[in-house]
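# Observations on the model geometry
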Amino acid sequence: MPEGGDDVVCRRAKKWMHSALATAWRNAAALAFAVLCAQSGPSNAAEEARILFVSSYHPAFPTFFSQIEGIRSGLVDAGLDEGAFVLDVEFMDTKRFDPSSAIDRFDDTLSAKLATLPPYDVIIAADDNATRHLAENRERLFGEIPLVFLGVNDRALGHMVTEDPMVTGVLEAVSIGETLDLMAQLDPDRTALTVICDTTPSCRGDLNLFHEEVAARPWIDYRILSLRDLTYAELLAELEGTSPEESILLVSALRDHTGAAMEFDDSLDAIHSAAGGPIFHLWEHGLGDGVLGGVIVSHGEQGWTAGRMAGQILAGISPAEIPLVGESPNLPVFDHNEMARFGIDSTRLPETAIILNQPIGEDFIVTREQLRLLLVVAGSVLIVVAAIVVYTVRLRSMREQLLAANRQAVEANRAKSEFLAAMSHELRTPLNAVIGFSQMMEQRVFGPLGNGRYEGYVKDIGTSGQHLLSLINDLLDMSKIESGRRELSPEEIDVADVVTAVIHLLHQSAVAHGVSLKSTVPADLPSILCDRRALHQMLSNLLSNAIKFTPSGGSATVTARLYAGTGLIIDVIDTGVGIAPEEQQKVLEPFRQAAFTRQSAEPGTGLGLPLVKALIELHGGRLKLSSRQGAGTTVSLIFPPEAVMHPLRAAAPAA
């Protein structure tokens with residue numbers, strides 16, 4: 001056998017086992033469906049809920065079965081019996097074919113089917129293409145039937161379609177930054193990185209996010225291999241002979257610029273054979289088939305959440321009352337076999353990491369010689385059945401643990417938000433009375449106070465009351481955002497007008513601190529579509545922080561500019577004390593404060609930056625924090641291209 005032949009045998013055996021298991025599962029599902037249909041008579045047909053699931057892709061796409069399994073589980077957990085609903089499936093097939101023509105063909109076919117089929121009770125759309133098309137054409141295709149979506153990467157799209165009260169769903173956020181950090185944690189000396197992407201729109205969006213994340217990690221020496229410019233053969237030629245010290249981040253490799261397409265398993269197999277280093281991925285498919293690991297998106301959990309939403313709608317709850325789920329349940333998952341192949345120590349993984357294929361004991365480790373013998377008798381029914389049982393038990397146990405943990409976290413977070421909202425409303429009424437009475441006493445509306453000491457006390461009461469009211473308002477805003485109840489009122493905004501208003505508002509505070517406020521917003525900057533109150537609140541919080549933590553004689557400056565892709569960035573730059581690297585992530589979390597903040601005479605509440613981050617993300621944008629201790633801080637509000645009303649022809653590169 002040639003060199004490396006043992007690895008080929010192992011991988012082919014694993015591929016065969018996955019194929020056998022997939023076939024067994026599909027046959028079992030078909031049998032169960034046949035039995036269900038046989039048991040269902042005319043008497044209960046009218047009682048069945050009719051659900052249509054529309055996938056953006058095709059049946060062989062690796063996320064499909066996880067989504068379907070999750071949706072069925074979510075419907076059952078929402079209170080529906082297995083026999084109480086019919087789940088039809090349609091495919092748009094926009095991965096293997098050009099999306100514009102594929103969507104047109106799909107629309108014609110679906111319209112013809114809907115004209116003859118009984119009406120559906122709820123529609124579930126998976127991924128961006130299906131969600132965008134069905135949301136835009138919901139009334140034409142389905143009338144007043146509600147729509148639930150899942151797996152949407154475009155956050156602006158998700159927030160836009162949920163403006164329709166008949167639409168709700170689950171956003172998907174890939175953990176590129178967290179995966180890059182894990183690469184460094186596993187092997188700090190492995191800094192070379194190759195990123196593989198293709199021509200699909202979702203991959204282009206993920207690549208834009210990669211550029212933002214890698215800019216904050218200058219130690220990474222990366223290159224991009226894009227199938228927008230390369231054929232499959234050219235891509236594999238570039239990977240041939242790469243060093244084992246060079247990591248691979250596989251974003252997507254499903255279609256090259258000539259239109260040639262490959263299934264995910266086939267493209268992963270080819271990349272795994274050609275590349276010398278470990279392969280990282282952002283989704284669960286590929287784990288166990290050559291992917292080392294990453295902080296991965298769980299399509300099964302997204303399916304469960306969407307299925308539960310659909311079940312709530314079938315129970316009579318309006319989609320408008322079911323908040324958009326804005327965060328993906330992403331977890332670090334790794335393959336023990338690939339870790340062993342590259343000599344990666346499992347103690348370097350985070351405590352929350354899940355390790356697949358990890359041996360339970362020495363008796364479960366199979367040598368290569370034993371594997372060859374096992375392959376000879378692989379046709380044995382006993383081995384196939386045993387493998388299916390073991391695989392099923394371990395997979396189901398792991399999935400149930402993940403689902404249970406995530407559900408508890410979601411419920412705890414929802415309970416916290418509801419409690420904060422309730423308490424905030426209960427406290428504001430008496431607090432407004434306290435502030436009002438203190439102002440009346442300070443202004444001596446009904447005459448002098450008497451003892452002179454009372455004047456100082458009254459002023460302290462008013463100041464403390466205002467501070468507490470500000471905290472309660474921030475708490476209420478955070479709870480609304482986290483529960484999906486914070487509604488935006490977008491309008492066309494002149495950025496310079498809002499900046500001028502905020503600087504005027506904070507002028508006296510800046511003078512008292514000895515800090516100069518400046519604005520360098522270009523006169524020809526395009527207007528943006530956003531919520532005026534939210535933009536005013538974000539800039540007020542950022543400038544207040546800049547003033548508070550900048551020594552006398554320093555400055556705080558607001559700038560704005562376009563970046564490549566015609567998005568818009570607003571920077572708040574100060575010359576203050578700065579933030580230590582180990583505390584920069586901490587200050588973006590609610591109620592967490594940096595050490596210098598806790599020691600300050602004006603400690604704040606720990607909600608300023610987290611609230612700004614939540615508000616900009618609600619607009620489909622991002623917050624970027626850059627700071628050096630003792631050298632100042634820059635906080636950037638990055639608005640997406642969709643928010644820019646009249647972009648200029650020439651735009652500066654993104655920061």
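For clarity, every value in this text was computed on a predicted model and none was experimentally measured.

### A word on the confidence of the model for the protein
A low pLDDT means the predicted coordinates there should not be read in detail. Averaged over the protein, the pLDDT score is 79; the fraction of residues at 70 or greater is 77%. A low-confidence stretch, residues 362-383 stays under pLDDT 50, and its non-local contacts, those more than four residues away or across chains, total 15 contacts. In the model, residues 648-652 has pLDDT below 50 throughout and makes ten contacts with residues more than four positions away in sequence or in other chains.

### Brief notes about unusual backbone geometry
Positive phi, normally seen in glycine, also occurs at D93, with a value near 60°. If you trace the backbone, D93 turns up in the loop between β2 (85-91) and α4 (99-114). Exposure remark for D93: the relative accessible area of 15% places this residue in the buried category. Positive phi is not limited to glycine here, since D127 has a value of about 75°. Along the chain, D127 falls in helix α5 (residues 127-136).

### What to know about the pattern of salt bridges
Using the criterion set out here, one finds 19 salt bridges in the structure. When the shortest N-O distance is used, the salt bridge between E238 and R223 registers 3.4 Å. With E238 in helix α10 (residues 232-239) and R223 in strand β7 (residues 221-226), the pair connects residues that are 15 residues apart, well separated along the chain. According to the relative accessible area criterion, E238 is partly exposed, its value standing at 39%. Taking the relative accessible area as the measure of exposure, R223 reaches 27% and is therefore partly exposed.

### Focus on the pairing of strand β11 (residues 331-335)
With four of five residues buried, β11 lies mostly within the body of the structure. Sheet analysis places strand β10 (residues 293-296) next to β11, joined by four bridges and oriented antiparallel. Opposite I296, over in β11, you have L331 as the bridge partner. Pairing geometry for β11 and strand β12 (residues 354-356), over three bridges, is parallel. Looking at the pairing, V333 lines up with I354 of β12.

Thresholds applied
Residues numbered from 1 in each chain as written. Predicted model: local features only at pLDDT ≥ 70, side-chain atom pairs only at ≥ 80, totals over all residues. Heavy atoms only, no water. pLDDT = per-residue confidence, 0-100. Contact = heavy atoms within 4.5 Å. Helix = DSSP H or I, 4+ residues; strand = E, 2+ residues; numbered from the N terminus. Buried < 20%, exposed > 50% of the residue type's maximum accessible area, 1.4 Å probe, protein only. Salt bridge = Lys/Arg side-chain N within 4 Å of Asp/Glu carboxyl O. Pairing = 2+ DSSP bridges.

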